[in-house]
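Close look at the chain arrangement
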Amino acid sequence: MAAAAGSSVSMRVRPCLYANRISSLKSFSLPNQRSFLSFRVRPVPTRLRVSCAAKPETVEKVCAIVKKQLALSPETVVTGESKFLALGADSLDTVEIVMGLEEEFDISVEEESAQSIATVQDAADLIEKLVEKKSA
Amino acid sequence: MFPSLLRAYSPMKMRCCFQRSICSASSSLVPVQLPSPMETHFWYVLPDQVKSVSLLNQYMGLLSPIEKENVLSMPGHQLQKRALLARALVRTTIARYQINGHVDPRSLKFKKNIHGKPEVVWQSEDGWCQPHLHFNISHSSSMIACGVTSNSRIGIDVEEKQRKIKNNVLAFARRYFSLHEMEYLSSISDSEVQHQEFIKLWTLKEAYVKALGKGFSAAPFKTFTVQVKTDSKRSFVLAEDLVFEASEIMVESLNDPKSLTSSWQFALLELAGSHYAAICMEKDKSIKVGMKVPVRLTAWKTIPFVEDECVSGTDAVMPIGGLIKL
């Protein structure tokens, strides 16, 4: 499973950088670098197999929505660890971002959960939880 | 808008309006007396007016190491400047009140209460003297404001009047505001007016939640209604003061109708023609339930260490909601 996950990660070209536990295994240097090399060099933490961290595509989509809402310049680096407040979002921005996410992922976020979202990763994780609940 | 009323100003008020303290950058802050009960001091700075690099460096020198780190971690010069001015405004404003003698803005320590609301940590030698100064800050991209009271919880929020809302206003209101508020907004046919009323409601709701100081989850927006009753719209001279009664603003909790929402008082202002500012403060305990007492407001536009301009009573500060005494 790890190898499959690794190969799918290394093949993608990421438009936005993110500090995701899965992606940290991949080196950012050459996109055509063979994936299994990075696995040999670095041990795979066992927690990844039961990872509750959101998929990279989810994190990417959140980054895009955040950048759009906050009108950030394309060069601004937004990662999973980025805090909304640290990106210049105020409370109205945060609420608008959550609304944008609800629309994009067709989910409904409870107000209390929305308020506990501090980083892009938090948002992505919550989205995946809600999407999973929906399809369950 | 109120030219005839400005003529009614007493000499005392005029003095305040035209008082400008212009100090050199290295001089100390002009001290101010603590606000009296039911009085709010409102200080604001316009980032676009602060351009001097040496002044910004001076502000940076006031910050704690953690604050400096937070400022520098913001992406981009504009956001860094905004974060810097916010901390500089809070520190210099509180230092003006010179409680326990001269206070160096650098020496102020802050903490967050258990719900995350920032508070000053007062350090006194005997540990007994606890000043009852309360403050709250808010910033939009073009204005940073700090409200100060004595002995009364306060929350403020400022927003640009023209702030763009990405989502449809009614969809937003349906999702986040109370039913009554959503119905009120739906009843407005002009989209520009609807947008303005939306922003006003947002600032009032934000100010209330921030005044409560218990975090957003203690009062989710959907669980309370802010009502603006506009049947009374007048201004009159009361003794030597000018009182504006633009409307009555009340808050009602939907979950807990018995909660003491009547102990909160609101003021809504239009600032510098470009912003709405909402102030929510706790009524003084001595005021009987049902008694209408105005919020006394003194507002300054400031560039700390450079210039303080008392603007309450000028066109820069227009009361548009609540019972306000300038």
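Please refer to the structure higher up on the page.
A brief structural summary.

Thresholds, definitions, all that
- Residues numbered from 1 in each chain as written.
- Chains lettered and ligands numbered in written order.
- Predicted model: local features only at pLDDT ≥ 70, side-chain atom pairs only at ≥ 80, totals over all residues.
- Heavy atoms only, no water.
- Helix = DSSP H or I, 4+ residues; strand = E, 2+ residues; numbered from the N terminus.
- Buried < 20%, exposed > 50% of the residue type's maximum accessible area, 1.4 Å probe, protein only.
- Contact = heavy atoms within 4.5 Å.
- Areas by Shrake-Rupley, 256 points an atom, 1.4 Å probe, with all protein chains shown as cover.
- Buried area = accessible area lost by both parts, 1.4 Å probe.
- Salt bridge = Lys/Arg side-chain N within 4 Å of Asp/Glu carboxyl O.
- Polar contact = N/O pair within 3.5 Å; in protein donor to acceptor, adjacent residues only side chain to side chain.
- Nonpolar A, V, L, I, M, F, W, Y, C, P; charged D, E, K, R; others polar.
- Core = buried A, V, L, I, M, F, W, Y, C linked by side-chain atoms within 4.5 Å.
- Phe/Tyr/Trp six-rings, centres within 6.5 Å; stacked < 30°, edge-to-face > 60°.
- Lys NZ or Arg CZ within 6 Å of the ring centre and 35° of its normal.
- Axes fitted to C-alpha atoms, helices over the stretch in contact; angles between N-to-C directions.
- Parallel < 35°, antiparallel > 145°, perpendicular 65-115°, else oblique.
- Left-handed = near helix turned anticlockwise from the far one by under 90°.

Some details on the overall build of chain B
- When helices and strands are counted, chain B shows eight helices and 16 strands.
- For chain B, the proportion of its 326 residues judged to be buried stands at 54%.
- When contacts within chain B are restricted to residue pairs at least 6 apart in sequence, long-range pairs at least 24 apart make up 65% of them.
- Accessible surface, chain B as shown: approximately 15400 Å² in total, 55% of it carbon and sulfur.

Describing the interface of chain B and chain A
- Contact residues are listed per partner, giving 21 residues for chain B and 22 residues for chain A.
- Across the chain B to chain A interface the summed buried area is about 1900 Å²; carbon plus sulfur atoms make up 55%.
- Counting across the interface, chain B meets chain A through three salt bridges.
- A salt bridge links R175 of chain B to E102 of chain A, with the shortest nitrogen-to-oxygen separation between them at 2.6 Å.
- At the junction of chain B and chain A, the tally comes to eight residue pairs in polar contact (both at pLDDT 80 or more).
- For the side of chain B that touches chain A, the secondary-structure elements that each account for two or more residues are helix 5 (77-96), helix 6 (169-176) and helix 8 (191-212) of chain B.
- At four residues, helix 6 of chain B tops the list of elements feeding residues into the side of chain B that touches chain A.
- Residue classes in the side of chain B that touches chain A are distributed as eleven nonpolar, two polar and eight charged.

Here's the deal with the environment of F221 of chain B
Residue and element names in this part refer to chain B.
- Along the chain, F221 turns up in the loop between helix 8 and strand 8 (224-229).
- On the accessibility criterion, F221 (1% relative accessible area) is buried.
- Through-space distance from the C-alpha of F221 to that of A173 is 9.9 Å; in sequence the pair is 48 residues apart.

Observations concerning the side chain of S150 of chain B
Residue and element names in this part refer to chain B.
- Residue placement: S150 occurs in strand 6 (residues 143-150).
- S150 gets classed as buried once you look at its relative accessible area, which sits at 15%.
- At a separation of 2.7 Å, a polar atom in the side chain of S150 contacts the main-chain carbonyl oxygen of P35.

Side note on the nonpolar core
All names here are of chain B.
- With 61 residues, the main nonpolar core has F172 and F177 as its most contacted residues.
- Examining the composition of this core, we find that ten residues originate from one element, helix 8, more than from any other.
- The contact partners of F177, leaving out residues within four places of it in the chain, are F172, L185, F198, L201, W202, K205, F221 and K222.
- The next biggest cluster of nonpolar side chains, apart from the first, holds 39 residues, and it includes V32, L62, V148 and W300.

Re the packing of aromatic side chains
Residue and element names in this part refer to chain B.
- Counted by the stated rule, this structure contains 16 aromatic pairs over all chains.
- Ring geometry for Y208 and W264: centres 6.1 Å apart, planes at 90 degrees, overall edge-to-face. With a gap of 56 residues between them, Y208 in helix 8 and W264 in strand 12 (residues 264-271) connect regions that are remote in the sequence. Note on accessibility: Y208 and W264 belong to one class, buried.
- Feature note: the residues F172, Y176, F177, F198, W202, Y208, F221, F224, W264 and F266 constitute an aromatic cluster, connected by ring pairs.
- Above the ring of F110, the side-chain terminus of R87 is found at 4.8 Å from the ring centroid.

Quick word on the packing of helix 3 (residues 56-69) of chain A against helix 6 (residues 120-135) of chain A
Residue and element names in this part refer to chain A.
- At a closest axis distance of 9 Å, the pairing of helix 3 and helix 6 adopts a crossing angle of 125 degrees. With respect to each other, helix 3 and helix 6 are oriented oblique. In the packing of helix 3 onto helix 6, the handedness of the crossing is right-handed. Touching T58, V59, V62, C63 and V66 of helix 3 are V120, Q121, A123, A124, I127 and E128, all from helix 6.
- Residues of the contact of helix 3 with helix 6, tallied by class, amount to eight nonpolar, two polar and one charged.

Examining the pattern of salt bridges
- Overall, the coordinates contain 16 salt bridges over all chains when judged by the stated rule.
- The partner of E159 of chain B in a salt bridge is R163 of chain B, with the nearest N and O atoms 2.8 Å apart. As far as burial versus exposure is concerned, E159 of chain B and R163 of chain B are alike and both buried.
- A salt bridge links K161 of chain B to E270 of chain B, with the nearest nitrogen and oxygen atoms 3.5 Å apart. With a gap of 109 residues between them, K161 of chain B in the loop between strand 7 (154-160) and helix 6 and E270 of chain B in strand 12 connect regions that are remote in the sequence.
- For E270 of chain B, a relative accessible area of 21% gives the class partly exposed.
- Each of D90 and D93 of chain A together with E159 and R163 of chain B takes part in salt bridges that share partners, so that together they form one network.

A closer look at the environment of D106 of chain A
Residue and element names in this part refer to chain A.
- Structurally, D106 can be placed in the loop between helix 4 (91-105) and helix 5 (111-115).
- Assessed through its relative accessible area of 52%, D106 is described here as exposed.
- Linking D106 and I127, residues 21 residues apart in sequence, is a C-alpha distance of 9.5 Å.
- Filtering out sequence-adjacent residues up to four positions away, D106 remains in contact with L101 and K134.

Read these as geometric descriptors, not functional statements.
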